[in-house]
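# Coordinate inspection notes
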Protein chains: 2
Amino acid sequence: MVATMQNLTDRQAEILEFIQRTLCNSGVPPTRADICAEFGFSSPNAAEGHLKAIASKGYIELMRHSRGIRVLVDQNRSLTQQYELPLIGYIAAGQPILAEENVEETVRIDPELFHPRADFLHRVSGHSMKDVGILDGDLVGIHYQPDADNGQIIAAALYDRRSGREAITLKRYYRRGAKVRLDSENSDPQYAPIEIDLTQVDEDSQDTPQFRIAGLYAGLIRRPR
Amino acid sequence: MVATMQNLTDRQAEILEFIQRTLCNSGVPPTRADICAEFGFSSPNAAEGHLKAIASKGYIELMRHSRGIRVLVDQNRSLTQQYELPLIGYIAAGQPILAEENVEETVRIDPELFHPRADFLHRVSGHSMKDVGILDGDLVGIHYQPDADNGQIIAAALYDRRSGREAITLKRYYRRGAKVRLDSENSDPQYAPIEIDLTQVDEDSQDTPQFRIAGLYAGLIRRPR
DNA sequence: GGTGATACTGTATGTACATACACTACTGTA
DNA sequence: TACAGTAGTGTATGTACATACAGTATCACC
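This write-up is about the structure you can find in this document.

Rules used in this analysis
Residues numbered from 1 in each chain as written. Chains lettered and ligands numbered in written order. Predicted model: local features only at pLDDT ≥ 70, side-chain atom pairs only at ≥ 80, totals over all residues. Heavy atoms only, no water. Near = heavy atom within 4 Å. Polar contact = N/O pair within 3.5 Å; in protein donor to acceptor, adjacent residues only side chain to side chain. Phe/Tyr/Trp six-rings, centres within 6.5 Å; stacked < 30°, edge-to-face > 60°. Helix = DSSP H or I, 4+ residues; strand = E, 2+ residues; numbered from the N terminus. Buried < 20%, exposed > 50% of the residue type's maximum accessible area, 1.4 Å probe, protein only. Axes fitted to C-alpha atoms, helices over the stretch in contact; angles between N-to-C directions. Parallel < 35°, antiparallel > 145°, perpendicular 65-115°, else oblique. Contact = heavy atoms within 4.5 Å. Nonpolar A, V, L, I, M, F, W, Y, C, P; charged D, E, K, R; others polar.

The next point concerns the protein's contact with DNA strand D. Near DNA strand D there are 23 residues, and of these Asn45(A), Arg64(A), Arg67(A), Ser43(B) and Asn45(B) occur at the shortest range. Each atom of DNA strand D within 4 Å of the protein was classed as base or backbone; sugar and phosphate made up 66%. His50(B) is positioned such that a nitrogen or oxygen atom in its side chain is 3.5 Å from a phosphate oxygen of DNA strand D. Note that a phosphate oxygen of DNA strand D is positioned 3.3 Å from one of the side-chain N or O atoms of Ser66(B).

Right, here's the structure in full:
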């Protein structure tokens, strides 16, 4: 957006709101004449002037054909809202979590559905959290956050030496000093806790830490096959 | 929608798809000329004819002004989609399931997230489905459907004589002739199967059946407190 | 007290658009 | 075999629309 984003005047805001309302009600943007009818203007130039002002402030884009008004900024989340979350499987070497390379697909869902707000989704693989009702194949919402409190369920990013990437796993997090313990929630003894000493540096991969917190578990979605 | 909803021809589907694409890309519906340019027609009547055909099948609505095309049926969910599902707790006496009286709140979520498509949500209360990872407080998506196959998880509407309303419960459904069995998924012996004989009429509430299928379990959302 | 932004009126113009009429041609179907 | 639905071409027409030019009035502000 090139235009400088200044504040709209009251009148301009009213007109922008009318454009959005029209779009919502009829599916088509209004004409200059429509705007005049709504506000009682007797000259199409009243509308034209406002549109140009609103466009120069970056809120809409004008195309030079009939009804060529495109709303760029949507205050009341009516239409353009994204409602999409990336689904992250693995984290490629040296990449931030939300880098495009890591996005497997995009799921249409309102991030605000979860608490705290989810920043991305992860597909659970395995049964390590079975006892808290998180099953293989579930999509969990993760709130991006680099630290956590003891006892919280986190998305742990564990570096895999072979593949050179980080795998995400849900674990219950406990930390005492430099010692971190990652618990599973499955009574089966094969799911033993993982113990990590943060002072221990992994020599094979100097700059990449063995472990980091990718975020906080914030809820889940299950879509039966 | 008054128009009879028939299937579109391949060409008509292509054109509908182009309308949606245009709407998505530019925010404005295409003109007849735009459609001609896209498909290589040399007469605007080619476009006009298709639009009328698509409109008569109920997929779009034509208004008699420029770019007056409104998409009513939105296959790939671009703009007009609501993304809201009602949350149904109990069913008031004599009301259809989705009656307004039964809607506790509305949750912003894409119905297509679930399979089959969810028509409403229900908040699980109790632990009867714990063994399949459906916990107390979870929101389950329900696909409205009055019948089910053996072994499917359904939302059962059970008439409660005291309150005069129907309570919704998730159960695994089995039917043999007129005998219906509703299983819980919890190894604890307190969750015994419910047996219902469909030939038995409840005398205290003559016209209201004891039991009906409210719909099919289609997935769940969990929002930790 | 002049300058610029906002908020309009009034008139005019050319073209973008929807749409009607008239025809051709193929296809499934009753 | 005739009819309805689909898929087009070609021409024509009136109006819906964006938009330019020329003004007026109010207000803030330096």
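There is more to say after this.
All names here are of chain B. For the structure shown, the criterion picks out four aromatic pairs over all chains. When the ring of Phe18 is compared with that of Phe39, the centres are 5.8 Å apart and the planes differ by 85 degrees; the resulting orientation is edge-to-face. You can see Phe18 sitting in helix 1 (residues 10-26) and its partner Phe39 sitting in helix 2 (residues 32-39), a full 21 residues away along the chain. Given the relative accessible area of 18%, Phe39 is considered buried.

Here we come to the packing of helix 1 of chain B against helix 3 (residues 44-56) of chain B. Residues and elements named next belong to chain B. Packing of helix 1 against helix 3 brings their axes to within 10 Å, and their N-to-C directions diverge by 95 degrees. Classified by the interaxial angle, the pair formed by helix 1 and helix 3 is roughly perpendicular. On helix 3, the residues touching Arg11, Gln12, Ile15, Leu16 and Ile19 of helix 1 are His50, Leu51, Ala53 and Ile54. Class assignment of the residues belonging to the contact of helix 1 with helix 3 gives a composition of six nonpolar, two polar and one charged.

Residues and elements named next belong to chain A. Mapping Asp138 onto the fold places it in the loop between strand 6 (120-123) and strand 7 (139-144). There is a polar contact of 2.8 Å between the side chain of Asp138 and the backbone nitrogen of Leu135. Residues within four places of Asp138 in sequence aside, it is in contact with His122, Arg123, Val124, Gly133, Leu220, Ile221 and Arg222.

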